[in-house]
Amino acid sequence: MDDATPRPGDPFAAVYGCALAVTHIILTNFRSYARGELSVGARPVVLAGANGTGKTNLLEAISLLSPGRGLRGAKLSAIQRKAPADAAKLREEAFADGLWAVSAVVARNPGGAWDIGTGLLPAPVNAPARRTIHLNAAPAESADLAALLPMLWLTPAMDRLFLEGASERRRFLDRLVFALDPPHAKRAARYERAMHERLRLLREGVRDRAWLDGLEETMAEEGSALTAARLYLIERLNGELQARGAEGAFPCAHLTLQDALAEHASDASSLQNAFAAARDRDAESGRTSVGPHLADLEVRHTLKRADARDCSTGEQKALLISIVLANAWLQKKRHDGIAPLLLLDEIAAHLDTDRRAALFEEILALGAQAWLTGTDRSLFAPLETRAEFYAIEAGCFVPTERA
């Protein structure tokens, strides 16, 4: 957590239930919210109501309290609320001229509570958007958040994970990795910075050997560590999935890393030689042709002995849930009983009654604070007495009772 310490006051004893929870969140100029504020306990939270009210927007805001670009992978500028032209003149639109921001209180037991803030920074015209991150009012890096607030998510867009390109599966795998191994996020960032700088030099015809050697050495060191971490996670995850067996509501999956250079995971020098040998090819193509950024994740349905991409839509969703739950259990075992935050967008809509009930029981058994969304409150009936329910009306969070 890089020198982070709990902020004074607001002891975790004031909350109940999960060992890790977001207990307060404020959104400013974020998507559909001019300003939204919500305080909750440490139980699961259900956001039920019509489409277009901002349920997924809230989950996206929480996801930005972790490394990366959040559960939508959106450009930072795209998150900015589009206020009416005359909105700044109205009292209720007092925040219309500000940039988007998210602030939250994260409670851990043991550990206390932390303030996390992130938001869009002012940028010159035509300059790329950048965001700022603060932890207890001190500047922090995105990767610092991985250790403090590990989280996993599932969204409807991920239902096609096994059918689309390798990049989405690789991002999914890396999120599973740094949920268990927070430094993985920093290794990935260092690898990508060196890779982009190397490619820029090659495109511009700069062949400074010492410069390129230094960048490729960084890429090799970080890249071999990335691959090793992925392989280790997959080994642990396959063991957890096998131990959970095929008798439960969610099928057993088996994961494999497809990486042409995986055999060099413990040999950075071999990877560095591969980068050096590819300079001419990369300069001509304008892309980095070797490295862990090209790896892919292969998933098989163990019982059916079938690749996930060949399974039905329902089976693919069940496989995803099975993998995420197994990873959450692994993390709880490794991190002193602290389960990650779960963001589950429209998770219940395409599950049958038995699988919905099984999912809710798993969440409760994990002791995880899950944030769940859906249009039909009745789908969450098994959680009626064990979760907090909210509707969203005109950007405000309204507690709801059972009908």
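Just above, that's the structure.
Quick caveat, the model's predicted, so the values are computed rather than measured.

K.L.:
Before we move on, could you go through the sheet that holds strand β9 (residues 253-258) and cite the residues and values that matter?
P.N.:
On the basis of which strands lie adjacent, the open sheet formed by three strands has the order β9-β10-β11 and antiparallel pairing. Both outer strands of the open sheet, β9 and β11 (306-307), are each paired with one neighbouring strand and no more. With six bridges joining them, β9 and strand β10 (residues 296-301) adopt antiparallel strand pairing. Paired with Leu 255 across the two strands is Val 299, which belongs to β10. In this fold helix α3 (residues 166-180) packs onto β9 and β10, with an angle of close to 85° to the strand it touches most, β10.

K.L.:
Can you tell me about the nonpolar core, naming the residues and giving the values?
P.N.:
Of all hydrophobic cores here, the largest spans 100 residues; its most connected members are Ile 25, Leu 58, Trp 371 and Leu 372. The biggest single contributor to this core is helix α8 (residues 313-334), with 11 residues. In this structure Leu 372 touches Pro 44, Val 45, Val 46, Leu 47, Leu 344, Ile 347, Phe 360, Ile 363, Phe 380 and Leu 383, once residues within four positions along its chain are discounted. Ranked by size, the runner-up nonpolar core spans 17 residues in total, among them Tyr 191, Ala 194, Ala 220 and Phe 275.

K.L.:
How would you sum up the sheet that holds strand β7 (residues 138-139)? Please name residues and give values.
P.N.:
Read across the sheet, six strands follow the order β2-β1-β4-β5-β6-β7 without closing on themselves; strand pairing throughout is antiparallel. Edge positions in the open sheet fall to β2 (33-39) and β7, since each of these has one partner strand only. Of the pairings in the sheet, the one linking strand β5 (residues 112-120) to strand β6 (residues 131-135) comprises five bridges and is antiparallel in character. For Thr 118, the partnering residue across the bridge sits in β6 and is Ile 133. Along the sheet face, helix α1 (residues 55-63) touches β1 (20-30), β2 and β4 (101-108) and points at about 110° away from the line of β1.

K.L.:
Tell me what's going on with the pairing of β1, and back it up with residues and numbers.
P.N.:
Counting buried residues along β1, 11 of its 11 residues qualify, which places the element largely inside the surrounding structure. Alignment of β1 against β4, held across eight bridges, turns out to be antiparallel. In the strand pairing of β4, Leu 27 is matched with Val 102. Sheet analysis places β1 next to β2, joined by six bridges and oriented antiparallel. Residue pairing across strands places His 24 opposite Ser 39, the latter belonging to β2. Between β1 and β2, which follow one another and run antiparallel, lie two residues, and Arg 31 among them has a positive phi close to 50°.

Cut-offs and rules
- Within every chain, residues take consecutive numbers counted from 1 along the sequence as written.
- Per-residue local features of the predicted model are confined to residues with pLDDT of at least 70, and side-chain atom pairs are confined, for both listing and counting, to 80 or more; whole-chain, interface and lining totals are unaffected and use all residues.
- Note: side-chain values were computed over all heavy atoms of the structure, leaving out hydrogens and water.
- Strands are labelled as partners when DSSP assigns at least two bridges between them.
- Helix and strand definitions follow DSSP, with helices as H or I runs of at least four residues and strands as E runs of at least two, each counted in order from the N terminus.
- By definition in these notes, contact holds between two residues if any of their heavy atoms fall within 4.5 Å.
- In this analysis an axis means a line fitted to C-alpha atoms, helices contributing only their contacting stretch, and an angle means the value between N-to-C directions, from 0 to 180 degrees.
- What is meant by a nonpolar core is a set of buried Ala, Val, Leu, Ile, Met, Phe, Trp, Tyr and Cys residues, joined one to another through side-chain atoms within 4.5 Å.
- In this scheme, a residue with accessible area under 20% of its type's maximum is buried, one over 50% is exposed, and one in between is partly exposed, where area comes from a 1.4 Å probe on protein chains only.

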